[in-house]
Amino acid sequence: MIDYTEKIPNNVDLGRDRVLQRALEHWQPAYMNWWYDMGPSESHALEVYLRTATSVEPDGWAQFGYVRMPEYRWGIFLQPRDASRQVNFGVHKGQPAWQEVPGEYRSTLRRVIVTQGDTEPASVEQQRLLGMCCPSLYDLRNIFQVNVEEGRHLWAMVYLLHRYFGRDGREEAEALLERRSGDADNPRILGAFNEPTPDWLAFYMFTFFTDRDGKFQLCALAESGFDPLARTCRFMLTEEAHHMFVGETGISRILQRTCEVMKEHKVENASDVRALGVIDLQTMQKYLNFHFSVTIDLFGSDASSNAASYYTTGLKGRYEETKIADDHELQNAEYPVLEVSGNRIITRQVSALTALNERLRDDYIAEIQGGVDRWNKIMEQAGISFRLTLPHKGFHRAIGNFAGHFVSPAGEVLSKEAWENNRDKWMPSAADQKFVQSLMTGRVIEPGKFANWIAPPIRGVNRQPLNFEYVRFN
Ligand SMILES: [Fe+2]
Ligand SMILES: [Fe+2]
């Protein structure tokens, strides 16, 4: 169970390590300052129906109740230790999992933790204005839930930095509160986390695509030989599931609503659909193309010696490493990667170790495809022929083998000019974004009411009705 009588709720027996406790209690007010500055805009006085972790057991870990977000009990929760756990891959395979950081991997591991940690406050910053134009109280509550949990994920990484990395770790923990998403001088570390999330369509796309990148990174780190990292990532994954649910169902509800309106008014083309105040399916495809392409860049280069060394040294595994039937060393294995040759895309077999980013990206894409198939069922059931598709892996890439090439969503290699001429057909144009944002100019906060462009969800939060007062404005 989690001890909520402590200033910092935790299940790591923080009270027994006075120095660490003091260091984290010192960081806590800096975190609160960051939350007041960069957390959801004009939200501090609201009472929000939030879930809070009460235990790390898989069943019944969450308790629901009204909380003012600045009073949310952010804390440190790790999955319980399994004393028999081993390093399951790489050159240390079979050794007991590490409870302290191996000296030779210290700086690499610190970089991995800082990079993960940096994404957590970044997404809160990206989303901070969206509460001002929410489509319902239900959605407002959901975005706030996502935001407080991203804040907690930051706590999770900061605990590791303070507990295991001494002074360097404390400095990194401070820097995590100083970088800002999209800031010209001191941006967040990864590209997608500096992109704006200007509207709710972008938010749902982000939580579907980019939070799922988070899931796959956490899954790979949950295999780590460094046991405290593995255990903290396992618990973060239980929270991440909700973020992806918000994204997938958010897009489903928009599609649902658009299809309803298209059927009811017997309209097909985009401008007629827009005139009825819902988002046309072509625009949905463009947002999908954008979010998919910037998110798959987050997995890194197709061929990466860093990825190989993270694996060989036991720091970062593959997705579901222990379920894979092979030698878990990969010294002689190969893996296919794509590359551009002339004006064609070809497949080349490369060392499986250097291709580990690509492999994780492929695992991710397979899961994404499942979600897109579920979305397409909505159009199918409505008798509408439009289908969403994932663009080619090479489309609009800034990292890896496709960087610097101009690949269409269908996978043709084009000239820069030909590609640029089609850009607004493939990705949200300024006019598309303006249209989407024109639908989201104010808050819909009457209990049970939903904006015209989105269908209500199938059920409420924690079995509450749809007209439940998920956020109290008082
Ligand atoms: Fe997160
Ligand atoms: Fe998340």
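Residues numbered from 1 in each chain as written. Chains lettered and ligands numbered in written order. Predicted model: local features only at pLDDT ≥ 70, side-chain atom pairs only at ≥ 80, totals over all residues. Heavy atoms only, no water.

> Could you give me a rundown of the overall build of the protein chain, with the residues and numbers involved?
Counting its regular elements, the protein chain contains 12 helices and 7 strands. If one aligns the C-alpha atoms of the protein chain with their principal axes, the spans along those axes are about 65 × 65 × 40 Å. Residue burial in the protein chain is summarised as follows: out of 474 residues, 58% are buried. When the accessible surface of the protein chain is totalled, it reaches about 19,600 Å², and 48% of it is carbon and sulfur. Across the protein chain, the mean location of the 53 positive side-chain charges is 2 Å away from that of the 63 negative side-chain charges. (Helix = DSSP H or I, 4+ residues; strand = E, 2+ residues; numbered from the N terminus. Buried < 20%, exposed > 50% of the residue type's maximum accessible area, 1.4 Å probe, protein only. Areas by Shrake-Rupley, 256 points an atom, 1.4 Å probe, with all protein chains shown as cover. Lys, Arg positive; Asp, Glu negative; His and termini not counted. Charge placed at Lys NZ, Arg CZ, Asp CG, Glu CD.)

> Describe helix 6 (residues 227–265), with residues and values.
The end-to-end C-alpha separation of helix 6 is 57 Å, in line with the 57 Å expected for 39 residues at 1.5 Å each. Along helix 6, 29 of the 39 residues are buried, which leaves the element largely enclosed by surrounding structure. Count one or two residues on from helix 6 and you reach K266, which has phi positive near 50°. (Expected span 1.5 Å × (residues − 1).)

> Please set out the side chain of S293 residue by residue, giving values where relevant.
Turning to its location among the elements, S293 is positioned in helix 8 (residues 281–297). Here the side chain of S293 touches N289 through a polar contact of 2.9 Å, landing on its backbone oxygen. Within the structure, S293 has its side chain in polar contact with the backbone oxygen of F290 (distance 3.0 Å). Every residue in contact with S293, bar those within four places of it in the chain, is listed here: F395, H396 and R397. (Polar contact = N/O pair within 3.5 Å; in protein donor to acceptor, adjacent residues only side chain to side chain. Contact = heavy atoms within 4.5 Å.)

> I'd like a description of the coordination of the iron ion (ligand 1), backed by residues and values.
With distances of 2.1 to 2.2 Å, the protein atoms coordinating the iron ion (ligand 1) are E120 (OE), E150 (OE) and H153 (ND1). We note that the donor set of the iron ion (ligand 1) lies within a single chain, spaced as E-x29-E-x2-H. Taken as an interatomic distance, the gap from the iron ion (ligand 1) to the iron ion (ligand 2) is 3.4 Å; E150 donates to each of them. Pair noted here: E120 is in helix 2 (residues 106–126) and H153 is in helix 3 (residues 137–164), with a separation of 33 residues, a long-range link. Taken as a pair, E120 and H153 share a single burial class, namely buried. (Donors = N, O, S within 2.8 Å, 3.2 Å for Na, K, Ca; no water.)

> I'd like a rundown of the pairing of strand 3 (residues 334–341), residues and numbers included.
In regular strands, side chains alternate between the two faces of the sheet. For strand 3 and strand 4 (residues 344–351), the ladder comprises 8 bridges, and the chain directions are antiparallel. Bridging from a neighbouring strand, P336 pairs with Q349 of strand 4. What sits between the antiparallel neighbours strand 3 and strand 4 is a turn of 2 residues, in which G342 has the positive phi angle 65°. (Pairing = 2+ DSSP bridges.)

> Outline the nonpolar core, listing residues and values.
The nonpolar side chains of soluble globular proteins are, as a tendency, buried together. Core analysis: the biggest nonpolar cluster contains 116 residues, and Y31, W200 and F209 have the highest contact counts within it. At 16 residues, the largest contribution of residues to this core is made by helix 3. Setting aside chain neighbours within four positions, we find Y31 in contact with W74, G151, L154, W155 and L177. Core analysis: the next-biggest nonpolar cluster, separate from the first, contains 12 residues, A308, Y311, A352 and L356 among them. (Core = buried A, V, L, I, M, F, W, Y, C linked by side-chain atoms within 4.5 Å.)

> Which residues make up the coordination of the iron ion (ligand 2), and what values go with them?
Here the iron ion (ligand 2) is held by E150 (OE), D211 (OD), E240 (OE) and H243 (ND1), and the distances to it run 1.8 to 2.2 Å. Bound by 4 donor atoms, the iron ion (ligand 2) shows angles of 90 to 174° at the metal and therefore irregular coordination geometry. Here the donor residues of the iron ion (ligand 2) are spaced in sequence according to E-x60-D-x28-E-x2-H. (Tetrahedral: all angles 85-135°; square planar, octahedral: opposite > 155°, others 65-115°.)

> Account for the sheet that holds strand 1 (residues 47–53), naming residues and giving values.
On the basis of which strands lie adjacent, the open sheet formed by 3 strands has the order 2-1-7 and antiparallel pairing. A single partner strand is all that each edge strand has here, and the edge strands are strand 2 (62–68) and strand 7 (471–472). Pairing of strand 1 with strand 2, which is carried by 7 bridges, proceeds in the antiparallel orientation. For T52, the partnering residue across the bridge sits in strand 2 and is Q63.

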